[in-house]
Amino acid sequence: TGPIEEAGDYFAGLGYKQPPTMDVADFLQSIPTPDGNMLFDSSSSPADEHYTSEGFAKAFKESEQYKKIAAELDSVSPHAWTSTTAEGGDEETGTSNEEGAPKCVPKEFTVGYQNSFWGSTMLNLKRHFTLWKRDKGFIIGKAFENVGMAVATGGILFGQGRVTWN
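These lines cover the structure that appears in this document, whether it is placed above or below. It should be emphasised that the depicted structure is a prediction, and the values quoted were computed from it without experimental measurement.

1. Concerning helix α1 (residues 4-13)
Those residues of α1 that fall on the buried side of the exposure criterion are Ala7, Tyr10 and Phe11. Looking down the long axis of α1, one finds its buried residues gathered within 90 degrees of arc, a one-sided arrangement. Those residues of α1 that are exposed and angled more than 90 degrees off the buried face are Glu5 and Asp9. Against the buried residues of α1 lie α2 (24-30), α4 (53-61) and α5 (64-74). Of the residues one or two after α1, Gly15 is the one with positive phi, at around 105 degrees.

2. A short note on the pattern of salt bridges
Enumeration over the complete set of coordinates arrives at 9 salt bridges. Here Arg134 and Asp23 are joined by a salt bridge, their closest N and O atoms 3.5 Å apart. You can see Arg134 sitting in helix α6 (residues 117-134) and its partner Asp23 sitting in the loop between α1 and α2, a full 111 residues away along the chain. For Arg134, a relative accessible area of 30% puts it in the partly exposed group. Across the pair Arg127 and Asp26 runs a salt bridge, and its minimum N-O distance is 3.3 Å. Pair noted here: Arg127 is in helix α6 and Asp26 is in helix α2, with a separation of 101 residues, a long-range link.

The rules behind the values
- Residues numbered from 1 in each chain as written.
- Predicted model: local features only at pLDDT ≥ 70, side-chain atom pairs only at ≥ 80, totals over all residues.
- Heavy atoms only, no water.
- Buried < 20%, exposed > 50% of the residue type's maximum accessible area, 1.4 Å probe, protein only.
- Helix = DSSP H or I, 4+ residues; strand = E, 2+ residues; numbered from the N terminus.
- Arc of directions from axis to C-beta.
- Contact = heavy atoms within 4.5 Å.
- Salt bridge = Lys/Arg side-chain N within 4 Å of Asp/Glu carboxyl O.

These figures come from the coordinates and say nothing about function on their own.
Shown next, in the form of structure tokens:
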């Protein structure tokens, strides 16, 4: 894995162009699908056609991102996942590793949810408003539809007078 900011450049190097009306998440989800062929530009790609799954895997294994990730995975972890100083294992689960040493899991990995309820709600609302703003044609069409329905309903009911029920 890597920063999402690098993903756009990585796929641009493979010949995929992100349309201005599409955010990074939608762009990345579209690439491996048949619709990804519409995003593919062979003139800026080392390949002549839209990548297959095997092609994506091969291109990734040859990339600098892959080498960086492989080196990081092969390196020693900066976290002390095991410790002989803790008693009784991990305080949450009471488990220990294969050698019998207790696990000491850093606190940031034991938190169930990183965002609060309101933080998650705001992220969700921002995402929906972003998608909503992007589809201006739909919004304008719906506005005209609502105005048309109001005028039609008003025209039908105009002059009917007030109905009284006895």
